[in-house]
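Observations on chain architecture
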Amino acid sequence: LSTLWPMLFAWIVDTASTPPRTLERLMLPISVLIAQSIGYHLVLRGAHLLNCYTDTRVHAEVAAEAVRHVHSFETDWHTNTFAGSIVTAIKRGRSAAQRIFDTICDDFWPAIVAMVFSIGFAWHKSHVIAITLVIYAACFVFFSTILSLKYVAPKNRIAADEDSRLGGTIADSVTGYAAVKASGAEAHEYERIKKAANRFALAARIAWVRSNVLALSQNIIINLGRFGATFIAAYYWSKGTFTAGDVIWASMTQRVMADYLDGIGNRMRDVVESINDLEEVVTWKNRKPLIANVGKISLSGFSRYALKCDHVTFQYPGQSRPA
């Protein structure tokens with residue numbers, strides 16, 4: 001529906017610029033434009049209502065699955081893993097999964113549909129403008145993807161790791177307040193947390209700077225595409241093959257595509273950050289517990305039974321002798 005806006009505005013401009021100048025002639029394209037706009041927002045709100053159901057399901061499922069995997073791990077894993085880091089990773093992971101789902105439904109899929117329809121309408125109007133729009137869209141997506149994965153993602157991953165460490169340090173320091181008070185270690189804990197916070201701040205600052213460089217680069221590509229489409233339409237207008245409405249159509253078609261592509265560009269950074277936030281939770285899912293639960297043992301058919309411990313031992317990791 002949004003890809004119809006350029007043609008409707010072009011219709012209004014051409015109608016208003018050609019005689020006879022009557023209100024009745026202009027009211028028809030205006031009425032169609034209003035109806036199209038109402039229909040667009042009705043469909044949009046309906047999609048968002050549907051997402052209210054699916055979003056909450058994704059959020060809940062990721063949290064429940066993460067906790068289930070954590071509980072399946074052996075005691076040794078829990079002993080050597082900060083509880084605060086686990087909680088932080090689960091909280092970040094469920095929000096990240098929701099953001100990825102939203103991006104696919106609200107940005108990526110609508111953008112693909114908008115690109116196909118916009119370029120298809122442009123092909124009937126001008127093959128040159130259609131090809132220009134294809135090159136513009138391809139350059140934007142290719143450049144954004146490569147820069148996001150190679151330039152932005154590595155620093156986002158470091159920032160996510162430092163965030164987990166900071167969250168774990170704070171949580172374990174607060175929950176262990178009794179030991180801190182008993183040993184008079186308040187100043188030591190402050191310095192420890194401050195160092196962790198500074199490491200996170202530095203990593204986050206670098207990631208944000210790189211995200212802004214990506215955003216600026218995407219904006220430059222968008223404006224170059226806008227200039228190209230509008231310039232070609234203006235050239236055709238100067239030769240008498242395009243009307244004033246056609247120039248408006250070319251500029252607005254590029255603007256509609258730019259809005260969707262800009263949405264992809266902005267959310268691409270969110271997707272990269274979300275993937276980084278999900279990595280730890282996915283690692284848990286792929287990790288096999290060292291001690292597997294074989295299920296319930298049936299004792300049916302035994303009227304009497306005995307339990308005997310024979311050659312039972314235990315040894316801490318990294319130690320040469322059993323405990």
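These numbers come from a predicted model, not from an experiment.

Helix H7 (residues 186–238) packs onto helix H5 (residues 127–175) with a crossing angle of 170 degrees between their chain directions and a minimal axis gap of 9 Å. When the axis of H5 is compared with that of H7, the two are roughly antiparallel. When its residues are assigned to classes, the contact of H5 with H7 shows 30 nonpolar, 11 polar and 7 charged.

The final tally for this structure, using the stated rule, is 5 aromatic pairs. Aromatic pair Phe227 and Phe231: ring centres 5.7 Å apart, planes at 20 degrees, arrangement stacked. With a gap of 4 residues between them, Phe227 and Phe231 both fall in helix H7, about one helical turn apart. Judged by its relative accessible area of 57%, Phe227 is exposed. An angle of 50 degrees between the planes, with centres 6.0 Å apart, marks the rings of Tyr235 and Tyr236 as tilted. Taking relative accessible area as the criterion, Tyr235 reaches 44% and is therefore assigned partly exposed. Counting every residue linked through ring pairs, the aromatic cluster contains Tyr235, Tyr236 and Phe242. Against the face of Phe73 rests Arg287, its NZ or CZ located 4.8 Å from the ring centre.

Mean pLDDT for the protein chain: 84, with 96% of residues reaching 70 or above. Of all the helices and strands in the protein chain, helix H3 (residues 75–79) carries the lowest mean pLDDT, 78, while helix H1 (residues 5–16) carries the highest, 89.

Further remarks concern the layout of surface pockets. A probe matching the size of a water molecule, rolled over the atoms, marks out where space remains unfilled. One number sums up the size of the largest pocket: a volume of about 560 Å³. In terms of lining residues, the largest pocket is bounded by 18 residues, among which Tyr40, Val43, Leu44, Pro110 and Tyr260 are the most central. Elements represented by at least two residues in the lining of the largest pocket include exactly helix H2 (23–72) and helix H4 (83–125). By residue class, the composition of the lining of the largest pocket is 12 nonpolar, 4 polar and 2 charged.

With that settled, consider the environment of Arg199. Following the sequence through the fold, Arg199 ends up in helix H7. For Arg199, a relative accessible area of 42% corresponds to the partly exposed category. With 22 residues separating them along the chain, Arg199 and Tyr177 place their C-alpha atoms 23 Å apart.

What follows deals with the environment of Leu4. Its place among the elements puts Leu4 in the segment before H1. Put simply, Leu4 and Ile170 are 166 residues apart on the chain and 53 Å apart in space, counted from C-alpha to C-alpha. Setting aside residues up to four positions removed in sequence, Leu4 forms contacts with Gln36 and Phe121.

Rules behind the numbers
Residues numbered from 1 in each chain as written. Predicted model: local features only at pLDDT ≥ 70, side-chain atom pairs only at ≥ 80, totals over all residues. Heavy atoms only, no water. Axes fitted to C-alpha atoms, helices over the stretch in contact; angles between N-to-C directions. Helix = DSSP H or I, 4+ residues; strand = E, 2+ residues; numbered from the N terminus. Parallel < 35°, antiparallel > 145°, perpendicular 65-115°, else oblique. Nonpolar A, V, L, I, M, F, W, Y, C, P; charged D, E, K, R; others polar. Phe/Tyr/Trp six-rings, centres within 6.5 Å; stacked < 30°, edge-to-face > 60°. Buried < 20%, exposed > 50% of the residue type's maximum accessible area, 1.4 Å probe, protein only. Lys NZ or Arg CZ within 6 Å of the ring centre and 35° of its normal. pLDDT = per-residue confidence, 0-100. 1 Å grid on protein atoms, 1.4 Å probe; cavity = no way out; pocket = protein on both sides within 12 Å on 5 of 7 lines; lining within 4 Å. Points joined across faces, edges and corners; volume = space filled by probe spheres on them. Contact = heavy atoms within 4.5 Å.

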